[in-house]
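Secondary and tertiary structure notes
Given next are the chains, with one letter for each unit.
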Amino acid sequence: MRGPRPRLPALPALLWLALAPLPGPAARAELRVRVRLPGGQVTEESLQADSGADCVSLELRAADGALVTLTADFRQEVKIFRALILGELERGQSQFQALCFVTRLHRNEIIPSESMAKLRQKNPRTVRQAEEVRGLEHLSMDVAVNFSKAAQLSSHIHNVCAEAKEAIYTREEDVKFWLEKGVDGSMFEVLPQGSDLPELQRCRHCPDRWKPCICSYSLSIEWYPCMLKYCKSRDAGGKVSSYKCGIRSCQKGYTFDFYVPQKQLCLWDEET
C-alpha cells in the first residue's frame, strides 16, 4: 500500500496491573489498554481471556490501518496471527485482504489465560510501552493449511481465519510437532519454494503482478503481558512466601515469508 504509513510508537511507561480475583471456576474478561506505536501514534489494544477455553486474544490496529490479532490456544499449543490489510482499490484489490499465520505456541511466551483474565489497570488513560523488546522473528511459512479441516488443529481457526480461508500458512517444523501429537496430516499442503522453482522470485523483485512469488509480511505485537511478576511476603513466624503481584510487558515483531500465486496478492511488498 502506498502513501505515508503511520508507525506504532513505543513509550516507556510502567503498567501497574492488579491480578484481581474473579468469581466462578472459569472467567472471561476483556481489558483495553492504550499503547504507543513506533511512529508516535496511540492506539487502543484489546486483550481478551477465556480461562475456561484456556485461550487469550490480543487485537490492535497498526499504523498502516491493518487490524492485527493474536490468538493463543494454550490447550492445543497453537498461536494464530491474523492480519486484515487494507486493499488498494485503485490497483484492483478488494477492500481488504486477510492473512492467517499459524505457529506452535511455546511455554512462557505469554502469561496463562487464568492470569490474563484477572488483569486490571489502575489508570485506563495511561499510555503503555513494553518494558522488554523481544527480538524480531523471521519465519518461513512453507505449508498451507486447509481451512475446512483446521478445527482439529485449533477450534479457534474457524472464527479467527474465516476471512482468510485461502491464505492460512504454517511451517513444516511446526507441522512435524503437531503430527507427533496425532493431528491429521491431510490438512497440510507443502507450498512451492525457491529451491523447487528457480524462477520463483521475491515479490518485491518481481516485475509482473500476475506471476507467483514469495511474499513477505511484517507485523508487531506492541504490548502484551509476557511474564508474571512475583513478590515476597513474610508471615508472623518469619516464613517467606511468594505471590503473583503483577506482570512484565513485552513487544515482539514478526516477519512471515510465504508463497502467493500472483504478486497482485502482495502489493505492500515492493521495493522503495
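Calculation notes
Note on numbering: residues in each chain are counted from 1, in written sequence order. The model is predicted, so local features are restricted to residues of pLDDT at least 70 and side-chain atom pairs to those at 80 or more, both for listing and for counting; the totals for chains, interfaces and linings are taken over all residues. Note: side-chain values were computed over all heavy atoms of the structure, leaving out hydrogens and water. Three exposure classes are used, based on accessible area relative to the maximum for each residue type with a 1.4 Å probe and protein chains only: buried under 20%, partly exposed in between, and exposed over 50%. Segments assigned H or I by DSSP are reported as helices when at least four residues long, segments assigned E as strands when at least two residues long, and all are numbered from the N terminus. Pairing between two strands is assigned when DSSP locates at least 2 bridges connecting them. Think of a polar contact as two N or O atoms within 3.5 Å of one another; within protein, one of them needs to be a possible hydrogen donor and the other a possible acceptor, and neighboring residues in sequence only count if both atoms come from side chains. We call two residues in contact whenever any of their non-hydrogen atoms come within 4.5 Å of each other.

**Comments concerning the pairing of strand β7 (residues 96-104)**
A large share of β7 lies buried, amounting to 7 of its 9 residues. Relative to β7, strand β6 (residues 78-86) runs antiparallel, the two sharing 9 bridges. Looking at β7, one finds that I85 is bridged to Q97. Bridge count between β7 and strand β12 (residues 168-170): 2 bridges; the pairing is parallel. Across the sheet, residue C100 finds its bridge partner in β12, namely I168.

**Notes on the sheet that holds strand β10 (residues 132-141)**
One open sheet holds the 4 strands; their spatial order is β10-β16-β15-β14, and the pairing between them is mixed. Edge strands, defined here as strands with exactly one partner in the open sheet, are β10 and β14 (201-202). Two elements, strand β15 (residues 213-234) and strand β16 (residues 240-260), share 19 bridges in a ladder whose sense is antiparallel. Bridge pairing links S220 to G253 in β16.

**Some thoughts on unusual backbone geometry**
Positive phi, close to 55°, is recorded for D54, a residue that is not glycine. Positionally, D54 belongs in the loop between β3 (42-50) and β4 (55-61). Judged by relative accessible area, D54 falls into the partly exposed class, the value being 24%. Even without a glycine there, the phi angle at E77 is positive, about 60°. Relative to the helices and strands, E77 is located in the loop between β5 (67-73) and β6.

**Side note on the side chain of D269**
Inspection of the secondary structure assignment puts D269 in the segment after β16. Residue class for D269 comes out buried when judged on its relative accessible area of 6%. Among the polar contacts made by the side chain of D269, one reaches the side chain of R204 at a distance of 3.1 Å. Among the polar contacts listed, one links the side chain of D269 to the backbone nitrogen of S216, at a separation of 3.1 Å. Dropping the residues within four chain positions of it, D269 is found in contact with C203, R204, I214, C215 and S216.

**Notes on the environment of A53**
By the element assignment, A53 lies in the loop between β3 and β4. We classify A53 as partly exposed; its relative accessible area is 25%. Sequence spacing of A53 and E114 is 61 residues, and the spatial spacing of their C-alpha atoms is 10.0 Å.

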